[in-house]
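The chain contents come next:
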Amino acid sequence: MARERHAGLSAVLDAIRLDDGVTQTTLTDRVGLGRSVVAERVTQLQQAGLILSGERGPSTGGRAPRKLSLNPDAGFVLGVDIETTELVVGAANIAGVILSSRRESIDARHGPDEIMSTVATLAKAVIDENAGAGNLLGAGVGIPGPVDFDAGAPLEEPLLPGWAGYPVRDTLSRLWPVPVWVDGRANLLALVEVVANPRAARAENLLYFGGGSSTAAALITGGRLYRGAHGRAGSVGHIAVPEAGMMSCVCGRVGCLDAVASRWAIARDGLLLARTGRSTALARTLAETGAVEPYDITLAADQGDVAALRLIERSVGVLGRALANLVSFSAPDMLVIGGGVARARDYALDPVLAAFHERLPSEVTEDLIIEFSVLDDLVSGMLGATQLAIGELFNKTNVARLLASAAAGRADGTPPAR
Ligand SMILES: [Zn+2]
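Residues numbered from 1 in each chain as written. Predicted model: local features only at pLDDT ≥ 70, side-chain atom pairs only at ≥ 80, totals over all residues. Heavy atoms only, no water.

Once that is clear, we can look at the confidence of the model for the protein. When pLDDT is averaged along the protein, the result is 91; 95% of the residues meet or exceed 70. For the stretch residues 413-418, pLDDT sits under 50, and the model shows 14 contacts to residues farther than four places along the chain or on other chains. (pLDDT = per-residue confidence, 0-100. Contact = heavy atoms within 4.5 Å.)

Listed below in structure tokens is the structure:
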């Protein structure tokens, strides 16, 4: 019985989270439970201070039902986004509204001990800032590489020495007395896309494609991330692509997708264009800044630099053909392209479409909605980490604990539900 009750509470919370104007009446259809069961679950969540019943929604005859929403004062979650060169830590209420955030430049290659200590410092500041926002309920953490979700630890990623198997979840759980979830950034960016983009929210099968240190993809089906065994799904950087030939990859193999189309591979090729003088714009960037970043190549293309443009087209063409394989396998209704490719969107769409037309049946390409991410990658990782925490807190296996923490927060003097 407890299991059914928890599943019902979880379904009600999820429906309210993902549908702005939901009322008790529309909720009954959404969660597929009887009217009296839904009423009981709603009452229970209201009593725990997790949801509010607000202004009246549209009437279909009789008294209009009240809209239900998550209580912004019910407590907050932490979102931690560890990028290769930047760390963002923020707090959000359970409705997903960001309350405050801090960021700092880091180098994740220095290893996890140093980064965890910076996470602890920033998180302490963020927690102190939100002392009046109720209890800290949970935390989500994003890692710029593949993650074993069940273990709460990164998998092998050659660009991040020392991180493989490092107990990120257990280390942070000792700092904060709340549940912590750790996931790859691509999964987090896919989660936040669903919240920020109504078309993505409506897609039954959403494929997200984006880069961190390594190329990664995420699949959301029926509102849930497809995680695969141990939550390891999504890492595609080291799949073999013919265009990579015998080119060496950081993983020690040859012929990987990352060896020709990752952020580091594009930067490597851009640097070569600069050093050989084949790109005058990139040679100028190199002289001025001492480096060539992937975004510099987009800027060079904007200035009409033909070599830079060709490099983008070639890289995106390779990504497009790899993506066509993923589309072929997963048959998404919608594909969202994020990361650096999204930043080069003016040059990226045509090569991707050309690859799709070349590799996929026309019925597939005609039905597929393709969009670039609506979010700036720099803040969306932290947003995604908070969404991960909220989604997991609302999960039927964790909802009993959430009810208890929210109730404890109210006993501590958090404003009661209105
Ligand atoms: Zn590789």
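After that view of the structure, there is still more to cover.
Before going further, it helps to spend a moment on the coordination of the zinc ion. On the protein side, the zinc ion has His238 (ND1), Cys249 (SG), Cys251 (SG) and Cys256 (SG) as donor atoms, found 2.0 to 2.3 Å from it. Taken together, the four donor atoms coordinating the zinc ion span angles of 102 to 119° at the metal, a pattern that classifies the geometry as tetrahedral. Each donor residue of the zinc ion belongs to the same chain, and together they define the spacing H-x10-C-x1-C-x4-C. Overall, Cys251 belongs to the partly exposed group, its relative accessible area being 23%. Residue class for Cys256 comes out buried when judged on its relative accessible area of 2%. (Donors = N, O, S within 2.8 Å, 3.2 Å for Na, K, Ca; no water. Tetrahedral: all angles 85-135°; square planar, octahedral: opposite > 155°, others 65-115°. Buried < 20%, exposed > 50% of the residue type's maximum accessible area, 1.4 Å probe, protein only.)

Once that is clear, we can look at unusual backbone geometry. Phi is positive for His230, close to 60°, though the residue is something other than glycine. Positionally, His230 belongs in the loop between β12 (224-225) and α8 (257-261). Take His230: its relative accessible area is 41%, and that puts it in the partly exposed class. Even without glycine at this site, Ala331 takes up a positive phi of about 45°. If you trace the backbone, Ala331 turns up in the loop between α12 (306-330) and β13 (334-337). (Helix = DSSP H or I, 4+ residues; strand = E, 2+ residues; numbered from the N terminus.)

The next subject is the sheet that holds strand β4 (residues 86-93). Working definition: the strands of a sheet are paired by backbone hydrogen bonds and lie parallel or antiparallel to each other. The strand order across the open sheet formed by five strands is β5-β4-β3-β6-β9, and the pairing between neighbours is mixed. Looking at which strands have only one partner, the edges of the open sheet turn out to be β5 (98-105) and β9 (180-184). Recorded for the sheet is a direction-independent mean angle of 15° between the axes of neighbouring strands. Where helix α4 (residues 112-129) meets the sheet, it contacts β3 (76-82), β4, β5 and β6 (136-143), and its direction lies at approximately 150° from that of β5. Contacting β6 and β9, helix α5 (residues 168-175) crosses the sheet at an angle of about 150° to β9. (Pairing = 2+ DSSP bridges. Axes fitted to C-alpha atoms, helices over the stretch in contact; angles between N-to-C directions.)

This paragraph deals with the environment of Glu371. Secondary-structure assignment places Glu371 in strand β14 (residues 369-372). In this structure Glu371 comes out as buried when scored by relative accessible area, which is 14%. Along the sequence, Glu371 and Val97 sit 274 residues apart, while their C-alpha atoms lie 24 Å from each other. In this view, Glu371 contacts Asn197, Arg199, Met334, Leu335, Val336 and Ile337; residues no more than four positions away in its chain are not counted. Among the polar contacts listed, one links the side chain of Glu371 to the side chain of Arg199, at a separation of 2.4 Å. (Polar contact = N/O pair within 3.5 Å; in protein donor to acceptor, adjacent residues only side chain to side chain.)

Before going further, it helps to examine the side chain of Ser405. In this fold, Ser405 is placed in helix α17 (residues 399-411). A polar contact is formed between the side chain of Ser405 and the backbone oxygen of Arg401, at a distance of 2.8 Å.

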